[in-house]
Amino acid sequence: MVTPWKNILDYENLSDRYVLTEQDKKDAFTRQYFEVYESRVKELKPRILENAERVIGKGKYKFTQLSEAKQDEEVFVVGVIVKRIEARPSILKTLLNEDKVTYDDYEEDDGQAVKRYAGSSEDRIDLESDKQTVRLEGAISMDDCATGCCVGVLGKLGKEGTFHVSKLVWPAAKCAPKMSAEGTIVFISGLDLSGDTEDDQLTISGFEFMSDWMNAHGETQNHCPPIDRLVVIGPFVETKSSGCDVQSVVRTLTLSRTERQSSAKSLITVDKLISSISERPLVNTVDVTPGVGDPCSSMWPLPPIHRVCLPRCAMSQKKVNLVTNPYEFAVNEIRVITMSGENVTELLRTSPKWSGADVLANLVKWQHLAPNCPDTLDGFPMSDRDPLVMETTPHIIICGNQPHAEFRRVSIEGTDATCLVVCLPKFSKTRVACFLNLADLTLKWQNFDHQF
Amino acid sequence: MLEKYVKSKGDPVWALYEVSGTVDSSEYPFLATGEEMTKHVVVPESALNDEKSKFLKVHSTNLHSIQRTNPRNTRVYGRSWADNDDLKGKALPQQQKPQKTGESSTAEVKKEKSAEPEQKPCSSSSAKSTTDTKKSTIAPLKKQANLNMFTKKTEKKVDEKEKSVTPPPEEKKARKRPKVEIDEDGPEELPKVVKKTEKTPEKQKKHKKVLESPESDGFPSSREQTPVKEASPPAKRKKSGVNDENKKTKKRLIVTDSDDEEVAEPMEVDVKKSVEKPKKLEERRRTTRIEKVVETYVDEDGYLVSKEVQKTVDCSPQKLSPEKPKPKVITAPVPGAAKVPKKNSTITSFFKKA
C-alpha cells in the first residue's frame, strides 16, 4: 500500500497581480497602448531614481525632463527604450510591397532555433519620454536593451539631436530573503498535443512513463523523491505558429472543422493525462499554467484555463491548480516565477547573440518580465498598472518552450542575492522534465523515452 | 522473483526492462556541452545490453512489465506489444485463441440470429414476422414500427384472432392479405372491438379494402403506412397551442379523406368513447383557416375586376367537403350604395360607342 505524500511545504499563490480585475476590463476596448507605457514608467521611475543614487551618487546628477534638457549639459533622464530594427517585419511594408517573405523568415526553423532579425547599420536605439524622442549613442548597444525597457540615462544632448549616453541606470531590484526547504518541484512545458493519436503517441507515452516513475516506490538511489509540486506549463494544444503575429490570428479565425475537432480532442487528452497524474499518491499537487494557443485569452498576462475546458481536473480541485501565466508562487517563502516563454522567444529575435539564459538575465536586470509587451507580444491594454513589472525578484525563474535547455545563476545588481534562471525545452520534442531540489536549488534533467 | 519467473518460463513470456542511468549531452542537441542527462528508457530484453552500453553510468535495471496475454491486445504506452521485434518468427500463445474464437463464434451466432429475421419477411406474411423484424432489424423497419405505434393493439388483437380463426399456415402463405380474411370472417366480433377502441381499426378496414390488390404484399409497405399516419393523430397536434392556421390547413388536407368516413360512420351514438373522439376531432377542426379566394366583381366604372383575397373560413365537418369545388364568390354591388353596373360595362363597350 503506497502511502500518499503529504505536502509539508507552505504554499502561497502570489499571482493576484496577473489576474484581470473589473477595473482593468472597464473601457478596455477604447484604451490605447501608450497608457501601458505610462503606467510602466510611473511604477519604475522611483526605483530608477533610487538606483541612480546608489550608482551615480546622491546629488551628483541633475534629473530633468528630456524636453527641458539643454545642449551639452549633463542630465539624467528617464524614458522607454525603442529599438529600431530595419529587418523587423512591418505590416505596412508588407502591404506596400505585397510581399509576405518577411513572415516566412519570421517562422522558426524546425523549432530548434529561433530566427533572428538580420542586423543592419541603420539599426538604432531611441529613448521616448512623455513629450519627446531622442536617438541614443555612446555607452549603449543593441544587446543591452529591448523595446519597452524603462531606463534612466545619464548623458548630454548633442548638436545633431542625439543624446550621448555615459551611463545606464536600471530599476533597483527588491529581493526576497534567502530561504531553503526540503522538497522537489518538477517542471515540464509544451505538451503540444495535436489530437492525432499517432503524432501524440511519444508525448503521451513519455508523460505516462514519467508518471509511473514518479510513483514508483523504492529505496534505490535512483528512485524518484516525493514530488511536492508538478508545474505543467503550456501550450497544451499545438499551435502552428508563434501565436504572436497577425498570420496566426488570421489562421485561428479560419480554422477548418477538422482542425477545430482535433484541438478539442487534444484538450480531452490533456484533461485525462493531468487528472491521471494528479490522482497518483506520490504527487501532491499539479499546477496547470496556460500558453498562447490554449483555450484562454492570448493576451499577456494569460488567465487560467477555465475549469469547463478541463472537467476531470476541475473535479479534483485540491490536487489540480489552474493558474495564470506568468505564474508566481512561494513554497516556504522560496519565490518562483514560471512563464510559457513567448516573451523570451520574441526577445531572442532582436539579437543574434542572446541565448535564453541571457534574456532571462536581462529580464532580471530590467526588472520586467516582458518589456516587449505590447510591442511584439500581445498584451492586455491596462491604464492604471503594469502587472508584468517585477515587484520582487524571485529566487527562481522558469521559462518554458525554449530551444535549448540551460540554467544559470544570475547575480542581482546592488545585492548579494542570486536568481536561478532555467530554460525548459518542449516536452513534445524532447520528453525532458526538470526536477528542482529546493534544498540546494540543484537541477536534474530527466528524459523519459521508450524504444520498443 | 519475477525475474526468476520470467527466466523459468521462457517463451511465450516476454518482458520489458526499464533502464535508468546517466547519459552524455552529445546525444541531446538541445543540451549544453558538459551537462548530464538522466535517461529512463523501456526496452525489450533483446535490446537491453545494447542500451546499457550507451549509458555513462547505469543506475538501475528493473523489470518493467511482463506480457502473457495476447500480444495484439496488449499495449504498453500506446504501442501494441505485437510490434515488438522479439516476436518476429515466434508463434503466438494458443490458449487465448479458442477463447477468442469462442467469443467470435458467439458474436457470429448473434449476428446470424439478427440476420435471420431479415430473411423472414420474404418468406412469411404473418404479422408475427413483422413484430419480430421490428425488434431486431435495421432502422427502416424500426421506422415502420414507430409509425405503427398506434396500431399495435389492433395488430395484436388481430393476431389473437388469427390464432383462433386463422387457417392453417399453408393457406396463410397462399393468401396475401390475412387481415382482410379476418375482417370478412368475423364481422360480429369486430364491432365490439371497434366500439371500445378508437376508430383506427375501422379505418384500417377500409384502407385494407382499398389496398386489396394482387400486387400488394402481406408486409408493411409504404402504402400501408400512409393511412396509419392519417389515422393516428400526431403528438404535436395535442401539444401545440398556437393557432397556426396555415399548418392546420395542411393537416386538414391530410385528414379530410378520412373525415368523410368518420362523418358517415359515427351515427352509432351509443358508444361514448367513439363519439367523444370524433367530437374532439371536430372541435379541432372547428377553427378558421385562411383561404385565398378569387373575387370577381364589376366596379363603379363598369370594369370587370378580379382580385385574390385572403379570407378566413370557418371549418366544420359539415362544411368540409374538399371534393366539392369551391365556388367563386362574386359579390354583387348593393343597390343604392353603388352605381348599377351597365349592361355594356366592359372596356370594349366604350370603344363600340365611340
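Not measured: the values here are computed from a predicted model. (Residues numbered from 1 in each chain as written. Chains lettered and ligands numbered in written order. Predicted model: local features only at pLDDT ≥ 70, side-chain atom pairs only at ≥ 80, totals over all residues. Heavy atoms only, no water.)

Asks: So what's going on with the overall build of chain A? Which residues, and what values?
Replies: For chain A, the count of helices and strands is 11 helices and 17 strands. Buried residues in chain A amount to 53% of all 452 residues. Intrachain contacts of chain A at a sequence separation of at least 6 include 74% that bridge at least 24 residues. Accessible area of chain A: about 20,600 Å², with a carbon and sulfur share of 50%. (Helix = DSSP H or I, 4+ residues; strand = E, 2+ residues; numbered from the N terminus. Buried < 20%, exposed > 50% of the residue type's maximum accessible area, 1.4 Å probe, protein only. Contact = heavy atoms within 4.5 Å. Areas by Shrake-Rupley, 256 points an atom, 1.4 Å probe, with all protein chains shown as cover.)

Asks: Which residues make up the side chain of A:Asp192, and what are the values?
Replies: Residue and element names in this part refer to chain A. With respect to the element layout, Asp-192 can be found in the loop between strand S7 (184–189) and helix H5 (197–214). Here Lys-426 takes part through its side chain, which lies 2.8 Å from a polar atom of the side chain of Asp-192. In this structure Asp-192 touches Asp-200, Pro-235, Phe-236, Val-237, Glu-238, Lys-426 and Ser-428, once residues within four positions along its chain are discounted. (Polar contact = N/O pair within 3.5 Å; in protein donor to acceptor, adjacent residues only side chain to side chain.)

Asks: Give me unusual backbone geometry: which residues, what numbers.
Replies: All names here are of chain A. Cis geometry is found at the peptide bond from Gly-234 to Pro-235, where omega equals 5°. Assignment of secondary structure puts Pro-235 in the loop between strand S8 (227–233) and helix H6 (246–253). Going from Asn-325 to Pro-326, the amide bond is cis rather than trans, its omega being 0°. Along the chain, Pro-326 turns up in the loop between strand S10 (320–322) and strand S11 (327–331). Of note in the backbone geometry, Asp-72 takes a positive phi value of approximately 60° without being a glycine. On the secondary structure map, Asp-72 appears in the loop between helix H2 (34–55) and strand S2 (74–84). The backbone of Arg-431 shows a phi angle near 55°, a positive value even though the residue is not glycine. Summarising the element assignment, Arg-431 is placed in the loop between helix H11 (427–430) and strand S16 (432–437).

Asks: Pulling in residues and values, what's your account of the interface of chain A and chain B?
Replies: Taken residue by residue, the interface counts 23 residues in chain A and 25 residues in chain B. Taken over both partners, the interface formed by chain A and chain B buries close to 2,200 Å², and the fraction arising from carbon and sulfur atoms is 57%. Between chain A and chain B we count zero salt bridges in total. In this structure, the connection of chain A to chain B is made through eight residue pairs in polar contact (both at pLDDT 80 or more). Residue assignment for the side of chain A that touches chain B shows that the elements contributing at least two residues are H5 and strand S17 (442–450) of chain A. It is S17(A) that contributes the most residues to the side of chain A that touches chain B, seven residues altogether. For the side of chain A that touches chain B, the per-class residue count stands at 10 nonpolar, nine polar and four charged. For S17(A) and strand S2 (residues 36–44) of chain B, the ladder comprises six bridges, and the chain directions are parallel. (Buried area = accessible area lost by both parts, 1.4 Å probe. Salt bridge = Lys/Arg side-chain N within 4 Å of Asp/Glu carboxyl O. Nonpolar A, V, L, I, M, F, W, Y, C, P; charged D, E, K, R; others polar. Pairing = 2+ DSSP bridges.)

Asks: Before we move on, can you summarise the nonpolar core with the specific residues and values?
Replies: Among the nonpolar cores identified, the biggest contains 50 residues, and A:Ile81, A:Leu136, A:Val153, A:Phe163, A:Trp300, A:Met339 and A:Leu360 are the most heavily contacted of them. Element by element, the count of residues in this core is highest for helix H10 (residues 356–366) of chain A, at six residues. The residue makeup of this core includes at least three contributed by each of domain 1 (11–25 + 175–447) and domain 2 (32–96 + 111–169) of chain A. In this view, A:Ile81 contacts A:Ile125, A:Asp126, A:Leu127, A:Leu136, A:Ile140, A:Cys145, A:Ala146, A:Thr147, A:Gly148, A:Cys149 and A:Val151; residues no more than four positions away in its chain are not counted. One finds A:Tyr327, A:Ile398, A:Leu441 and B:Val41 within the second-largest nonpolar core, a separate group that totals 38 residues. (Core = buried A, V, L, I, M, F, W, Y, C linked by side-chain atoms within 4.5 Å. Domains from an automatic or database assignment.)

Asks: So what's going on with the pairing of S7(A)? Which residues, and what values?
Replies: Residue and element names in this part refer to chain A. Within S7, six of the six residues are buried, which leaves the element mostly enclosed by the surrounding structure. Neither face of S7 is open: one carries Thr-184, Val-186 and Ile-188, the other Ile-185, Phe-187 and Ser-189, and all of them are buried. In terms of strand pairing, S7 meets S16 through four bridges, oriented antiparallel. By the bridge assignment, Ile-185 is partnered in S16 with Leu-436. Note: S7 against S8, five bridges, orientation parallel. Its bridge partner being in S8, Val-186 is matched across the sheet by Leu-230.

Asks: Let's hear about the packing of aromatic side chains: which residues, and what values?
Replies: Residue and element names in this part refer to chain A. Taken as a whole and judged by the stated rule, the model has 11 aromatic pairs over all chains. An angle of 85° between the planes, with centres 6.3 Å apart, marks the rings of Phe-207 and Phe-427 as edge-to-face. Of this pair, Phe-207 sits in helix H5 while Phe-427 sits in helix H11, and the two are 220 residues apart along the sequence. A residue is classified by how much of its surface remains accessible, and Phe-427, at 0% relative accessible area, is buried. Consider the rings of Trp-213 and Phe-448, whose centres lie 5.7 Å apart with planes at 55°: the pair is tilted. Taken together, the residues span a long stretch of sequence, with Trp-213 in helix H5 and Phe-448 in strand S17 at a distance of 235 residues. Look at Phe-448 and you get buried, because its relative accessible area is 0%. One aromatic cluster is present, formed by Phe-209, Trp-213, Phe-435 and Phe-448 through successive ring pairs. In this structure, Arg-229 packs its charged tip against the face of Tyr-11, placed 3.6 Å from the ring centre. (Phe/Tyr/Trp six-rings, centres within 6.5 Å; stacked < 30°, edge-to-face > 60°. Lys NZ or Arg CZ within 6 Å of the ring centre and 35° of its normal.)

Asks: Now, about H5(A): what can you tell me, with residues and values included?
Replies: Its 18 residues place the ends of H5(A) 24 Å apart at the C-alpha level, agreeing with the 26 Å of an ideal helix rising 1.5 Å per residue. Among the residues of H5(A), A:Asp200, A:Thr203, A:Ile204, A:Ser205, A:Gly206, A:Phe207, A:Phe209, A:Met210, A:Ser211, A:Trp213 and A:Met214 are the ones counted as buried. (Expected span 1.5 Å × (residues − 1).)

Asks: Explain the confidence of the model for chain B residue by residue, including any values.
Replies: Residue and element names in this part refer to chain B. Mean pLDDT for chain B: 56, with 24% of residues reaching 70 or above. Across residues 237–242, confidence stays below pLDDT 50; counting only partners more than four residues off in sequence or on other chains, it has three contacts. Low pLDDT, under 50, characterises residues 249–276; the predicted model gives this stretch 35 contacts beyond four residues in sequence or across chains. (pLDDT = per-residue confidence, 0-100.)

Asks: Just give me the short version of the side chain of A:Ser275, but keep the residues and values in it.
Replies: Residue and element names in this part refer to chain A. For Ser-275, the position within the fold is in helix H7 (residues 257–278). Relative accessible area serves as the criterion here: at 5%, Ser-275 is assigned to the buried category. With residues up to four places along the chain from it excluded, the contact list for Ser-275 reads Arg-312 and Cys-313.

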